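Take a look at the letters that make up each chain.
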Amino acid sequence: DVIQRLPQPRAIVKAGEIVLARHAFMDMIGGNEAPHAMHHLARQHGASIMHPQDRAIAEDEAIIRLELKEILESEGYEVVGEAARGDAALELVKQTNPDLAILDIKMPGLDGIEVARRVVADQRVPVLILTAFSQRNLIEEARDAGVAAYLVKPFQSADIVPATFALNSKIARE
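Worth saying up front: this structure is predicted, and the values here are computed from it rather than measured.

*Asks:* Would you mind going over the nonpolar core with me for this structure?
*Replies:* The nonpolar side chains of a soluble globular protein tend to be buried, and buried together. One finds Leu103, Val119, Val127 and Ile129 to be the most contacted residues of the largest nonpolar core, which totals 23 residues. Counting residues per element, the ones that place at least two in this core are β5 (54-58), α4 (86-96), β7 (100-103), α5 (112-123), β8 (127-131) and α6 (136-144). In this view, Ile129 contacts Leu103, Ile105, Gly112, Val147, Ala149, Tyr150 and Leu151; residues no more than four positions away in its chain are not counted. Counting 17 residues, the second largest nonpolar core, distinct from the first, contains Ile64, Leu68, Ile71 and Val79.

The following block contains the structure:
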């Protein structure tokens, strides 16, 4: 499937799409021209662009959102947006198109499972549910909504990092 490897190890061109870490591309050409050059390169080759390191977070508790953001950023992921409500999370994912959305289940507005259902169906963005609830019916409902992974709070870096890494590997293979 891989047609060409670009200079940075995380940057690859596949048939029909460019899979490229934003930071790797910035390192390759530098400066503020990177996003424009990346989209120009994609258009030249009839490709679309993915940023395999982008994450969106939706969690109604600010302290948990902050902790999650710090963990992800310390591991090299880019948090492209945060939301405290489910309806705001849905808009956030539509606007940023991250490669992974991390959602809490119980949020004001729409709940995380409904957001996941819509995001997976409309944007085809994988979803990781992070919640304090571990009842079997919620896990099954999340699975039926297309959720890719389900983690129970309280979480630690040792829980989040392997889950996001595994989902990144799955995304890269697809």
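*Asks:* How should I be thinking about the pattern of salt bridges in this particular structure?
*Replies:* Under the defined criterion, the tally for this structure stands at ten salt bridges. Between Arg65 and Glu82 there is a salt bridge, and its shortest N-O distance comes to 3.6 Å. With a gap of 17 residues between them, Arg65 in helix α3 (residues 62-74) and Glu82 in strand β6 (residues 78-83) connect regions that are remote in the sequence. Lys69 serves as the salt-bridge partner of Glu82, at 3.1 Å between the closest nitrogen and oxygen. In this pair, Glu82 sits in strand β6 while Lys69 sits in helix α3, placing the two residues 13 residues apart along the sequence. On the accessibility criterion, Glu82 (36% relative accessible area) is partly exposed. By relative accessible area, which is 24% here, Lys69 ends up partly exposed.

*Asks:* Got a minute to help me understand the sheet that holds β6 in this structure?
*Replies:* Strand order in the open sheet made by the five strands is β6-β5-β7-β8-β9, with parallel pairing throughout. Each of the sheet's edge strands pairs with one partner strand only, and the pair in question is β6 and β9 (149-152). Neighbour-to-neighbour, the strand axes of the sheet open up by a mean angle of 20°, direction not taken into account. Judged from the four bridges that link them, β5 and β7 form a sheet pairing that is parallel. Bridging across to β7, Ala58 finds its partner in Leu103.

*Asks:* What's the story with the environment of Gln123 in this structure? I'm lost.
*Replies:* For Gln123, the location among the structural elements is in helix α5. When residues no more than four places from it in sequence are discounted, the contact partners of Gln123 are Val93, Lys94, Asn97 and Arg118.

About the thresholds
Residues numbered from 1 in each chain as written. Predicted model: local features only at pLDDT ≥ 70, side-chain atom pairs only at ≥ 80, totals over all residues. Heavy atoms only, no water. Core = buried A, V, L, I, M, F, W, Y, C linked by side-chain atoms within 4.5 Å. Buried < 20%, exposed > 50% of the residue type's maximum accessible area, 1.4 Å probe, protein only. Helix = DSSP H or I, 4+ residues; strand = E, 2+ residues; numbered from the N terminus. Contact = heavy atoms within 4.5 Å. Salt bridge = Lys/Arg side-chain N within 4 Å of Asp/Glu carboxyl O. Pairing = 2+ DSSP bridges. Axes fitted to C-alpha atoms, helices over the stretch in contact; angles between N-to-C directions.

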